[in-house]
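Next come the chains, spelled out residue by residue.
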Amino acid sequence: MQHSPVTRLLPDLTFGLGEGPAWDDRAGLLYWVDIKAPALHQLDPQTGAHAVWHWPEVISCCGLAESGEVIVSGRSGLWVFDPQSEARDLAYPIPAMAPDMRTNDGKVGPDGAFWVSTMQDTSDRGPVGVVLRITGDGQVTTMLEGLTTANGMEWSRDGDRFYLADTRALWIDCWEYDPVTVTLSNRRRFVTYEEDDGKPDGGAMDAHGAYWSAGIYAGRIHRFSAEGERLESVSIPAEMVTMPCFGGADMKTLFVTSLSRGADSVAGDGGLYSLQVDVPGPLPRRMDIGGRRRYRDPATRFYVSAKGDVISA
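Figured I'd write up the structure that's included with this text. (Residues numbered from 1 in each chain as written. Predicted model: local features only at pLDDT ≥ 70, side-chain atom pairs only at ≥ 80, totals over all residues. Heavy atoms only, no water.)

**Here's the deal with the sheet that holds strand β14 (residues 150-155)**
Strands sit in the order β14-β15-β16-β17 across an open sheet of four strands; the sheet is antiparallel. Either end of the sheet is taken by a strand with one partner, and the two such strands are β14 and β17 (183-192). The mean angle between the axes of side-by-side strands here comes to 25°, regardless of whether they run parallel or antiparallel. (Pairing = 2+ DSSP bridges. Helix = DSSP H or I, 4+ residues; strand = E, 2+ residues; numbered from the N terminus. Axes fitted to C-alpha atoms, helices over the stretch in contact; angles between N-to-C directions.)

**Considering the packing of aromatic side chains**
In the structure shown here, the tally under the stated rule is 16 aromatic pairs. When the centroid spacing of 5.9 Å and the interplanar angle of 85° are considered together, the rings of Trp55 and Trp79 count as edge-to-face. Of the two residues, Trp55 sits in the loop between β5 (50-54) and β6 (59-65) while Trp79 sits in strand β8 (residues 77-81), which places them 24 residues apart along the sequence. Both residues of the pair, Trp55 and Trp79, count as buried. Between the aromatic rings of Tyr163 and Phe190, the centroid separation amounts to 4.9 Å while the plane-to-plane angle is 75°, which identifies the pairing as edge-to-face. Separated by 27 residues along the polypeptide, Tyr163 in strand β15 (residues 161-166) and Phe190 in strand β17 bring together distant segments of the chain. Residue classification places Phe190 among the buried positions, given a relative accessible area of 9%. The structure contains a cluster of three or more aromatic residues connected by ring pairs, namely Trp115, Trp155, Phe162, Trp175 and Tyr177. One Lys or Arg, Arg88, reaches over the ring of Trp55 and ends 4.3 Å from the middle of that ring. Directly above the ring of Tyr217 sits Lys199, whose terminal nitrogen or CZ lies 5.0 Å from the centroid. (Phe/Tyr/Trp six-rings, centres within 6.5 Å; stacked < 30°, edge-to-face > 60°. Buried < 20%, exposed > 50% of the residue type's maximum accessible area, 1.4 Å probe, protein only. Lys NZ or Arg CZ within 6 Å of the ring centre and 35° of its normal.)

Laid out in structure tokens, this is it:
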């Protein structure tokens, strides 16, 4: 596969723990979080316009709602944030976690629910993390347990296969996902990282069904076929890459976040990067929040429902 040279975006900024990027195809904007700040960031890649909103608690990832708002995952649950009005509310609380726990990787699934993992925020963390599924009516279900550092959450193009990595365990596994019964089954090993691969962090699926995995500590993004065969590895000028995300007008821009290790960082760590690739990613999924909110069309500035009906100016 051919790709363009890697570009560092916002080169004057270094993020403590850049994570959870999400592309808004309607507005042409990229969102991501800095867990260490904690803060939500927004970038218009066309103009370079950058905005940042600081948060009252640790946040770990973000996604999109059908309403046009941004879903932000924090220790207390899912926040719904309107970038235009800057209004936010903790719309979907989750059960209280221990003081040393937080949410981690998360995405909107093909079922319209938001899936998010939890982990101990300590250097000696144990397998106490879970994966939660949060629906638009507020129902919270534990889907998986016994995870140490759950990352790389993704689904196949058809939505019938679920992927998840455990960074410290060096594996990426997959399950069959039944959207009717909302169950995971037939767990099997998809990929085991070797020493030179780094460790598996965030993941993204492309339109050909290949899975892209951030190899943190190695400064690489690995691309695997649906059968787990390595197709290629792309070098990023930052060792601590955390997560890839497809975006851009043709969904052929790969955005990559990374983290900074402070005094131990090498040049490039903590940066935000982009490159052009041949195979696009799918359009982003959006959380169905039960019609409680509305999407404001940026062109007409009219509110429209999820069905496209104009509601009001």
